[in-house]
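# Remarks on the overall topology
Below are the chains, spelled out letter by letter.
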Amino acid sequence: MEYSDKVLDHFSNPRNVGELTDADGIGEVGSPACGDIMKMYIKVEGGKIADVKFKTFGCGAAIATSSMATELIKGQSLEEALKLTNKAVVEALEGLPPVKIHCSVLAEQAIKAAISDYYTRLGVDPLPIVGPIKDTHCHAHFH
Amino acid sequence: MSMERFVYADNAATTPVSEEVLKAMLPYFREEYGNPSSIYQKGRDAAKATRLAREKVARGIGAQPEEIYFTSGGSEADNWAIKGVVEALAKKGKKHIVTTAFEHHAVLHVCQSLRKHGIETTYLEVGPLGVVKAEDVAAAIREDTALVTIMYANNEIGTIQPIAEIGKICRERGVLFHTDAVQALGNLEIDVKAQSIDLLSLSGHKIHAQKGVGALYIRKGVRIPNLIEGGGQEGGHRAGTENVPAIVGLGVAVEIATRDIHARADKTRKMRDRLIDEITKLPRTRLNGDREQRLPGNVNVSFEGIEGESLLLMLDLKGVAASSGSACTSGSLDPSHVLLSIGLVHEVAHGSLRLSINDQTTEKDIDHILKVLPPVVEQLRAMSPLWESIVKGENKY
């Protein structure tokens, strides 16, 4: 598996790891059977992501994409954060091996899930704002 | 991070070419470059070198030199053995294979590919300990069984199969028996006669020869179709000019690997047991495969709550090279079929780690692994939402 230096940097020294005990929104995507779960915590102040943390169970790329995605959305408005695409995460990481692209999709979806949870907590229907959270890639057999 | 030490703990994947093997090979690149089929001195010298190598390989497994056919490696030997036996016997109405669920892909995928030619395969269960029962083999043999193919020792979890018992059953029932002994060679005594083995695959690069060379043992009297048509090399069964340096290296490697097996295995086993004892002290960590019926250098453990590839990358940063059966490292969506075959759920199979050591490994290497591994596991668990839910009791495996 060929990982860029940037991926290895974010993997070995991930930014924003942990939890936010006073999070305004928490999103979790993926499944244990598939081998990756991403959980994102956001703190929203004045319509901006004031703080973001993540916890990830998964491969090196899953950890690196989580780290990069949190770094990219920190300080951004919710609207800007929602525009973050998996492609932008991949570019910021200077590329990912083709079999690892799904990790970047997972990171994008984890952010959307956290923002969705934020709106739900406010009593606002998130669907028109955030859109649907995509199913993950994994089609493994469940036991 | 400065890398103070590098520990290679992936000898089941491949091994470095040893000094002795390299030294034996070198003359055959530029000085003794003759074609073994040529009549002049240089050719005769090359022919003699391949003959001596064949004798060494034969001696290592209790075979006769004319029963050894050099191949490009273990996978080629497996393919040739299985496809060859099936092709030879299908016309006699024998269209059934008995194998196990946790064979190497070079066996499993061949059996799967033969299905479209009307060949049926029984995949025996290996149970939670990863050892097939000889009586299950006996029960699976049918009137139309052409071949039983069961690995000598598993490549991922290192479990050793009851080869002599299976061989005896097959011989009594008149069924051919093939074993993939790629992982066993050099670790366990092999005697194809005493163990009633009809065909056996071996590979060079697991025992300090180069990659791309191996052999198939075919017992005298067993006839299978030629693999490659062409010249008369390998008794006309596998044509093509011999890879003389590789073959010479394989001969020396087998000779060394099959010498002093017990002393080397004892030394390796002590280090292996230390690894197993210490690693399985970590919470929610289990050994995969039987502890006793196990290759001397194999450790395979699962850590709940973490994923294998990130574990390997983290270990690599700390100077330890190992492997895993996680889906991410297998390049597919499913984790290792071997780990699933012994009943692991996907979640636990994803968190597996294989350390494969040998007698070149030192106690200092073991110290280093035991120093860096627990903090790495802890670090990954600390950032794992799955671990969080396991600790809370929301997920039980």
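Residue positions are given per chain, counted from 1 along the sequence in the order it is written. Ligands are numbered from 1 and chains lettered from A, in the order in which they are written. At least 70 in pLDDT is required for a residue's local features to be given in this predicted model, at least 80 for side-chain atom pairs to be given and counted, and no such filter applies to totals for whole chains, interfaces and linings, which use all residues. By convention in this description, side-chain values take in all heavy atoms of the structure and omit both hydrogens and water.

## A closer look at the nonpolar core
Here, nonpolar core refers to any group of buried Ala, Val, Leu, Ile, Met, Phe, Trp, Tyr and Cys residues whose side-chain atoms link them within 4.5 Å. Buried means the residue's accessible area, taken with a 1.4 Å probe over protein chains only, is under 20% of the maximum for its type, while exposed means over 50%, and partly exposed covers the values in between. Grouped together as the largest cluster of nonpolar side chains are 69 residues, with contacts concentrated most on A:Ile115, B:Leu275, B:Phe303, B:Leu311, B:Leu353 and B:Leu355. Numbering goes from the N terminus for both helices and strands, where a helix is a DSSP run of H or I of at least four residues and a strand is a run of E of at least two. Considering every element that reaches this core, the biggest residue donor is helix H5 (residues 101-122) of chain A, with 10 residues.

## Brief notes about the interface of chain B and chain A
Residues count as neighbours in contact if any of their non-hydrogen atoms are within 4.5 Å of one another. At the interface, 23 residues of chain B touch 29 residues of chain A. Taking both sides of the interface into account, the surface hidden between chain B and chain A amounts to around 2,200 Å²; carbon and sulfur atoms contribute 68%. Note on definitions: salt bridges are taken to be side-chain nitrogens of Lys or Arg within 4 Å of carboxyl oxygens of Asp or Glu. The interface formed by chain B and chain A includes three salt bridges. B:Glu309 serves as the salt-bridge partner of A:Lys100, at 3.0 Å between the closest nitrogen and oxygen. Two N or O atoms form a polar contact when they lie within 3.5 Å of each other; inside protein one atom must be a possible hydrogen donor and the other a possible acceptor, and for residues adjacent in sequence the pair counts only when both atoms belong to side chains. Counting the contacts that link chain B with chain A gives 10 residue pairs in polar contact (both at pLDDT 80 or more). Buried area counts how much accessible surface, traced with a 1.4 Å probe, disappears from two parts once they are put together, with both parts' losses summed.

## Regarding the environment of B:Gly240
Residue and element names in this part refer to chain B. Locating glycine 240 in the fold gives a position in the loop between strand E8 (214-218) and helix H8 (244-257). Look at glycine 240 and you get partly exposed, because its relative accessible area is 32%. In this structure the C-alpha to C-alpha distance between glycine 240 and glutamate 229, which are 11 residues apart in sequence, comes to 8.4 Å.

## Concerning the sheet that holds strand E2 (residues 68-71) of chain B
Residues and elements named next belong to chain B. Whether two strands pair depends on DSSP finding at least two bridges between them. Sheet architecture is open: seven strands sit in the order E2-E8-E7-E6-E5-E3-E4, paired in mixed fashion. Each end of this open sheet is capped by a strand with a single partner; those strands are E2 and strand E4 (120-124). Here the strands of the sheet are splayed against their neighbours by 20 degrees on average, with no regard to which way each runs. For strand E3 (residues 96-100) and E4, the ladder comprises five bridges, and the chain directions are parallel. Directly across from isoleucine 97, in E4, lies its bridge partner threonine 121. This element, helix H4 (residues 74-90), spans E2, E3, strand E5 (145-149), strand E6 (176-180), strand E7 (199-203) and E8 of the sheet and lies at about 160 degrees to E7. Note on definitions: angles span 0 to 180 degrees between N-to-C directions of axes, and those axes are lines fitted to C-alpha atoms, for helices only across the stretch in contact. Taken strand by strand, helix H7 (residues 163-173) contacts E5 and E6, and its axis lies near 160 degrees from that of E6.

## Re unusual backbone geometry
Even without a glycine there, the phi angle at A:Glu94 is positive, about 60 degrees. With relative accessibility at 52%, the residue A:Glu94 sits in the exposed group. Phi is positive for B:Ser196, which is not a glycine, with a value near 55 degrees. With respect to the helices, strands and loops of the structure, B:Ser196 is situated in the loop between E6 and E7. We classify B:Ser196 as buried; its relative accessible area is 12%.

## Structural notes on helix H3 (residues 41-61) of chain B
All names here are of chain B. With 21 residues, H3 ought to run about 30 Å at 1.5 Å a step, and its terminal C-alpha atoms sit 31 Å apart, in line with that. For H3, the complete set of buried residues consists of Gly43, Ala46, Ala49, Thr50, Ala53, Arg54, Val57, Ala58, Gly60 and Ile61. Those residues of H3 hidden inside the fold are in contact with helix H2 (27-30), E2, E7, E8 and H8. Once H3 ends, the next one or two residues include glycine 62, with phi positive near 75 degrees. In this scheme, a helix's expected span is set at 1.5 Å multiplied by one less than its residue total.

## Some remarks on the pattern of salt bridges
Between side chains of opposite charge, a pair can form as their charged atoms come close. All names here are of chain B. Per the stated rule, a full pass over the model turns up 35 salt bridges over all chains. With its nearest N and O atoms 2.7 Å apart, the salt bridge here joins arginine 274 to glutamate 363. In this pair, arginine 274 sits in helix H9 (residues 261-279) while glutamate 363 sits in helix H14 (residues 363-382), placing the two residues 89 residues apart along the sequence. Here arginine 274 falls in the partly exposed class, since its relative accessible area comes to 28%. Taking relative accessible area as the criterion, glutamate 363 reaches 40% and is therefore assigned partly exposed.

## Focus: the confidence of the model for chain B
The predictor attaches a confidence to each residue, and that confidence, scored 0 to 100, is pLDDT. The share of residues in chain B with pLDDT of 70 or more is 98%, and the mean pLDDT across the chain is 96. Reported confidences for the modelled complex are a pTM of 0.94 and an ipTM of 0.93.

## Observations regarding the sheet that holds strand E1 (residues 25-31) of chain A
Sheet strands pair via backbone hydrogen bonds, and the direction of the pair is either parallel or antiparallel. Residue and element names in this part refer to chain A. Pairing in this open sheet of three strands is antiparallel, and the strands run E1-E2-E3 from one edge to the other. Two strands lie at the open edges of the sheet, namely E1 and strand E3 (48-57), each paired on one side alone. Averaged over all pairs of adjacent strands, the angle between strand axes in this sheet comes to 15 degrees, irrespective of strand direction. Taken strand by strand, H5 contacts E1 and strand E2 (36-45), and its axis lies near 145 degrees from that of E1.

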